[in-house]
Amino acid sequence: SAVISQKPSRDICQRGTSLTIQCQVDSQVTMMFWYRQQPGQSLTLIATANQGSEATYESGFVIDKFPISRPNLTFSTLTVSNMSPEDSSIYLCSVEVTASTDTQYFGPGTRLTVL
Amino acid sequence: QKEVEQNSGPLSVPEGAIASLNCTYSDRGSQSFFWYRQYSGKSPELIMSIYSNGDKEDGRFTAQLNKASQYVSLLIRDSQPSDSATYLCAVTESSASKIIFGSGTRLSIRP
């Protein structure tokens with residue numbers, strides 16, 4: 001497995017502002033993922049972040065709204081831009097430690113509230 | 001649209017009994033299957049993975065996979081109140097390096 005940390009753990013933001021969420025892993029990993037989990041819902045994949053290439057976004061998510069950086073094999077950021085109350089959610093990063101098993105481990109999440 | 005289906009519950013099981021959670025998936029090419037446990041306010045925690053047909057046991061947990069019928073199940077023996085959580089079934093998508101999650105089954109173990 002892997003030890004994954006996220007910052008901030010929670011935040012309350014005003015509409016129209018942006019928040020950058022950091023995800024740090026204690027070992028080098030190839031694949032990192034960003035998910036959103038809205039209240040009472042399951043996980044929705046936002047994008048896959050690979051080091052050295054642009055993130056791959058899922059249908060319904062765009063780079064202008066959710067820019068992602070992946071500067072190295074242990075770190076990634078997700079920015080939620082021009083926020084609205086509909087962006088209130090838990091944002092989770094996950095990592096795939098061993099590519100051959102497809103297994104993902106999750107960070108503790110960032111709880112975002114937009115007023 | 002590839003899907004993973006779970007009964008949302010809540011599934012109520014008496015303490016000490018066997019809890020049975022089921023999941024069906026639509027992608028015939030899926031190769032990897034996972035069960036995650038999520039306590040309220042926490043992130044998902046991997047409890048079981050299974051890759052081939054049959055049963056896989058780990059302590060009180062048994063995962064069962066039937067690729068021909070496209071279903072995965074999780075059995076929890078000797079259920080404890082600490083098992084009360086939402087259980088997420090997850091399946092890899094055959095055409096991409098990503099996992100599709102079901103909506104989760106809420107399990108409640110009553111004393």
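Residues numbered from 1 in each chain as written. Chains lettered and ligands numbered in written order. Predicted model: local features only at pLDDT ≥ 70, side-chain atom pairs only at ≥ 80, totals over all residues. Heavy atoms only, no water.

Q: Would you take a moment to explain the sheet that holds strand S1 (residues 4–6) of chain B for this structure?
A: Whether parallel or antiparallel, the strands of a sheet pair through hydrogen bonds between backbone atoms. Residue and element names in this part refer to chain B. Taken in spatial order, the five strands of this open sheet run S1-S3-S8-S7-S6, and their pairing is antiparallel. On the outer flanks of this sheet lie S1 and strand S6 (54–58), each paired with one strand and no other. On average, adjacent strands in this sheet sit at an angle of 20° to one another, irrespective of strand direction. (Pairing = 2+ DSSP bridges. Helix = DSSP H or I, 4+ residues; strand = E, 2+ residues; numbered from the N terminus. Axes fitted to C-alpha atoms, helices over the stretch in contact; angles between N-to-C directions.)

Q: Looking at this structure, I do not really get the packing of aromatic side chains. What am I missing?
A: Each aromatic ring pair is characterised by the separation of its centres together with the angle its planes make. Considering all chains together, one arrives at nine aromatic pairs over all chains under this definition. Between B:Tyr36 and B:Phe101, the ring centres sit 5.5 Å apart and the planes meet at 50°, which makes this aromatic pair tilted. In this pair, B:Tyr36 is assigned in strand S4 (residues 33–38) and B:Phe101 in strand S10 (residues 99–101), connecting sequence segments 65 residues apart. On the accessibility criterion, B:Phe101 (9% relative accessible area) is buried. Here a set of aromatic residues connected by ring pairs shows up, and it is made of A:Tyr35, A:Phe106, B:Phe34, B:Tyr36, B:Tyr51 and B:Phe101. (Phe/Tyr/Trp six-rings, centres within 6.5 Å; stacked < 30°, edge-to-face > 60°. Buried < 20%, exposed > 50% of the residue type's maximum accessible area, 1.4 Å probe, protein only.)

Q: Honestly, the sheet that holds strand S3 (residues 19–25) of chain A in this entry has me stumped. Any pointers?
A: All names here are of chain A. Spatially, S1-S3-S8-S7 is the arrangement adopted by the four strands of the open sheet, whose pairing is antiparallel. The two strands at the open ends of the sheet, each matched to only one other strand, are strand S1 (4–7) and strand S7 (68–72). Averaged over all pairs of adjacent strands, the angle between strand axes in this sheet comes to 15°, irrespective of strand direction. Bridge count for S3 against strand S8 (residues 75–80) is six bridges, and the pairing is antiparallel. Note that in S8 the partner of Gln24 across the bridge is Phe75.

Q: Is there a simple way to think about the side chain of A:Glu96 in this case?
A: Residues and elements named next belong to chain A. Mapped onto the fold, Glu96 is located in strand S9 (residues 89–96). Buried and unpaired, Glu96 has no salt bridge, with Arg70 as the nearest side chain of opposite charge at 10.0 Å. When sequence neighbours within four positions are dropped, the list of residues in contact with Glu96 reads Val29, Thr30, Met31, Phe33, Asp102 and Thr103. (Lys, Arg positive; Asp, Glu negative; His and termini not counted. Salt bridge = Lys/Arg side-chain N within 4 Å of Asp/Glu carboxyl O. Contact = heavy atoms within 4.5 Å.)

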